[in-house]
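A look at the structure
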Amino acid sequence: MRSRALEISGRPGRGAWWFASSVTLALALAFPRAQAQPRTAGSAAATENVLSTREAMRQMKLGGNAVDAAVAAALVAGVVSPTSSGIGGGGFGLVWLASERKPVLLDFREVAPKRLNAARLEERPLPNAERARLVGVPGEAKGLFELHQRHGKRSWAEVVDGAVRAAEKGFAVGPHLAKALAGGKELAQLDASIAAVYFGGGKPAAAGRLVTNPKLAATLRRIAAEGPPAFYTGSVAADLVATAASAAGALTVDELDAYRTVERAPVHVKWEGYDVYTMPPPSAGGLMVAQILGLYSSAELKKLGFESGAYQHLIAEGMRASIADRMRYIGDPAFTAIDFAALTSKERMAARRRRIALDRTHAIPRFAIQEHGTHHLVTADAQGNVVSLTTTVNRAFGAKISGAESGVVLNDQLDDFTELEDVRPFGLTQSPNRPRPGARPASSMTPTIVTKDGQVVLALGGSGGPTITTNVTQLLLARLVFGKTPEQAVQGRRFYIPTRNAYIFLEKGAPKPLVEDLESRGEIVATMPFMGSAVQMIAIENGRKLAAADPRKHGKAEVR
């Protein structure tokens, strides 16, 4: 049953905040030009891989809509960007239906198996021999199929065809995958199937090298012909269960067959004449977006100045408070009662605002930040339909284990459950995001769509684990407040929230005056240790579609 979007007041509060938390954000150098084509056009796509973008545009050229394009692009991404996504993982899909002038949101995140050993997860990191304990029941194959069946135009087989061809005939290894392979040589020892595809002759595949994945091609071909039953039952399901069991995993055939997606009401924030639709729990992404918009007006932010130390410091303070709220309150809503309206109320944001000052920084308890394997894409068609979709296997190559017969890389999504030691600093004796059989772990994924007067003006989302939410929030403001083009937004410097020892991470090469300004406000500044986070964006302005893909992961955007 579809439910109404959660509505949050977008009028900024006037106060401040109290929070027992500390995490950080920062800026960086400009990057090489993102591949964007800002011109009048009927369709657009931005993904993290040129082949995924090409497939999305091909689907729309052949008569498909934005949903066909997004589903096809996600499936291709699972082949050509296996460190980030694949049918062994899950995700969220946010769709704007132009004919109905409304958003719909499908949650196809992984769920914990019934035989989950919660106590063992408290002992993370686990030894390699037990890495499949982190494997959740995959939701992507069913989620993409349901998105297509409800809202797509072309046949399912036509939409899956691009991924089949990429796996069967081969694809050129992209620079981001090549870098991951070069830095992950242990993969060759951990999993024979991964080694056979990406480590020919014992060496990691370099950028440009053509690789094929015949086992995955055969699995995708079956899914194209039979739909989700080809994945969730029969020989593929048996293969995935056996593969997980070989590394202490708890998947069962019955649980695969019983997997169900969830249609959720998007968070709906009214702000400065815009309607912002974004992720509810089990994601914490929408919480941060709603809270930051509830803290400040557009005029206040403009006065501070884009990329100024004062602007970044105040936004960072609000983000730290939101992260503390995530740790205290966010989990799977089927298991944890969450009063989202109370967490984002005008009164609460006003109280929070009163505690924020330009000359001091608050600290938060530990909150993990590390590079994750996630892929975000956005598509828009000539009819006004728009999709913002995030898909993930969690960390690079998920659990680093793949089906011996199916070629499917399995996720390690259960690592997103929070350990007890991480919430003790918040005065909690158990986490709202603790591991429980059947629960979906809390996420940072933040697919977002913005409309004005019933028309989409912006769609964006990102990858990079906990950095997703902070990145999406920053780029949302860059566009809505400062009028940056998608290309300017994705190329611009960003700041991040680290684990400990620093209050704010800046990208390499941050200007010295900015560092000094932030330090004068009590920020402890350090350099971002990895550059695996990325944001994809499509804006629609005066009938023109503008698209940009983040150069940090060598993304590609096209407009036609």
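Residues numbered from 1 in each chain as written. Predicted model: local features only at pLDDT ≥ 70, side-chain atom pairs only at ≥ 80, totals over all residues. Heavy atoms only, no water.

What to know about helix α21 (residues 512-520)
Definition in use: Throughout, exposure labels follow a simple rule: accessible area from a 1.4 Å probe, protein chains only, divided by the maximum for the residue type, with under 20% read as buried, over 50% as exposed, and the rest as partly exposed. A helix here means a DSSP run of H or I that spans at least four residues, while a strand means a run of E at least two residues long, and both kinds are numbered starting from the N terminus. In this description, the arc belongs to the directions extending from the helix axis to the C-beta atoms. Should any heavy atoms of two residues lie within 4.5 Å, those residues are counted as being in contact.
The complete set of buried residues in α21 reads Leu-514, Val-515 and Leu-518. The arc that holds every buried residue of α21, seen down its axis, measures 100 degrees, which confines them to one face. Across α21 from its buried face, at more than 90 degrees, point the exposed residues Lys-512, Pro-513 and Ser-520. Where α21 is buried, its residues touch α15 (309-329), β15 (504-506) and β16 (525-527). Positive backbone phi, at 95 degrees, marks Gly-522, one or two positions downstream of α21.

What to know about the pairing of strand β3 (residues 90-97)
Just so we agree on the cut-off: Whether two strands pair depends on DSSP finding at least two bridges between them.
A large share of β3 lies buried, amounting to eight of its eight residues. Of the two faces of β3, the one carrying Gly-90, Phe-92, Leu-94 and Trp-96 and the one carrying Gly-91, Gly-93, Val-95 and Leu-97 are both buried. When β3 meets strand β11 (residues 386-394), the two strands line up antiparallel, connected through seven bridges. Paired with Gly-90 across the bridge in β11 is Thr-392. Examined bridge by bridge, β3 and strand β4 (residues 102-107) share six bridges and lie antiparallel to one another. Residue Val-95 lies in a different strand from β4, and its bridge partner there is Val-104. The hairpin formed by β3 and β4 contains four residues between the paired strands, and Arg-101 there has a positive phi angle of roughly 50 degrees.

Considering the pattern of salt bridges
Side chains carrying opposite charge are able to pair once their charged atoms draw close together. This is how it is decided: For this analysis, a salt bridge means a side-chain nitrogen from Lys or Arg found within 4 Å of a carboxyl oxygen belonging to Asp or Glu.
Throughout the structure, instances matching the rule amount to 37 salt bridges. The salt bridge involving Asp-161 is made with Arg-165; its shortest N-O contact spans 2.8 Å. With Asp-161 and Arg-165 both in helix α5 (residues 156-169), this residue pair falls four residues apart, about one helical turn. Accessibility expressed as a relative area gives 30% for Asp-161, which makes it partly exposed. Judged by relative accessible area, which is 30%, Arg-165 ranks as partly exposed. Among the ionic pairs, Arg-479 bridges to Glu-541, the shortest N-O distance being 3.0 Å. Placement of the pair is Arg-479 in helix α19 (residues 467-480) and Glu-541 in strand β17 (residues 534-541), with a sequence separation of 62 residues. Look at Arg-479 and you get buried, because its relative accessible area is 11%. On the basis of relative accessibility, which here comes to 30%, the residue Glu-541 falls in the partly exposed class.

Thoughts on the packing of α15 against α21
How two helices pack is summed up by the angle between their axes together with the distance between the axes. Definition in use: For helices, the fitted axis covers only the stretch in contact; all axes are lines through C-alpha atoms, and the angles between them, taken along N-to-C directions, range from 0 to 180 degrees. What sets the label is the angle itself: under 35 degrees gives roughly parallel, over 145 gives roughly antiparallel, 65 to 115 gives roughly perpendicular, and the rest give oblique. By the definition used in this description, the sense in which the near helix is turned from the far one sets the handedness, with an anticlockwise turn below a right angle giving left-handed and a clockwise turn giving right-handed.
At a minimum axis distance of 9 Å, the contact between α15 and α21 shows a crossing angle of 50 degrees. Between α15 and α21, the crossing angle belongs to the class labelled oblique. Relative to α21, the crossing made by α15 is right-handed. Residues Gly-309, Ala-310, Gln-312 and His-313 of α15 pack against Leu-514, Asp-517 and Leu-518 of α21.

Concerning the confidence of the model for the protein chain
As a reminder of what qualifies: Each residue carries a pLDDT score, the predictor's own confidence in it, on a scale running from 0 to 100.
Mean pLDDT for the protein chain: 90, with 91% of residues reaching 70 or above. Note that pLDDT drops below 50 for residues 9-40; the model gives that stretch 176 contacts with residues more than four away or on any other chain. Across residues 366-371, confidence stays below pLDDT 50; counting only partners more than four residues off in sequence or on other chains, it has 32 contacts.

Remarks on the nonpolar core
Heads up, the condition is: As used in this record, nonpolar core signifies buried Ala, Val, Leu, Ile, Met, Phe, Trp, Tyr and Cys residues forming a set joined through side-chain atoms within 4.5 Å.
With 76 residues, the main nonpolar core has Val-79, Tyr-198 and Phe-231 as its most contacted residues. With twelve residues, the top contributor of residues to this core is helix α2 (residues 66-80). If sequence neighbours within four positions are ignored, Val-79 has contacts with Ala-163, Ala-166, Ala-167, Phe-171, Tyr-198, Leu-216 and Leu-220. Phe-92, Ala-290, Ile-504 and Leu-518 belong to the second largest nonpolar core, which has 75 residues in total.

A look at helix α11 (residues 234-245)
Because each turn of an α-helix spans 3.6 residues, side chains separated by three or four positions in sequence point in the same direction. The criterion, for reference: Multiply 1.5 Å by the residue count of a helix minus one, and that product is the helix's expected span.
For α11, which comprises twelve residues, the first-to-last C-alpha distance of 17 Å matches the rise-based estimate of 16 Å (1.5 Å per residue) to within 8%. Within α11 the residues assigned to the buried category are Val-236, Ala-237, Asp-239, Leu-240, Val-241, Thr-243 and Ala-244. In this structure, the buried side of α11 is in contact with α9 (214-226), α10 (229-232) and α12 (253-258).

Considerations on unusual backbone geometry
The omega torsion of the bond from Arg-124 to Pro-125 falls at 5 degrees, within 30 degrees of zero and hence cis. Inspection of the secondary structure assignment puts Pro-125 in the loop between α3 (118-121) and α4 (140-151). Note the cis peptide between Pro-281 and Pro-282, where omega equals 20 degrees. Positive phi is not limited to glycine here, since Glu-307 has a value of about 65 degrees. Mapped onto the secondary structure, Glu-307 falls in the loop between α14 (298-304) and α15. Residue Asp-453 is not a glycine yet carries a positive backbone phi of 55 degrees.

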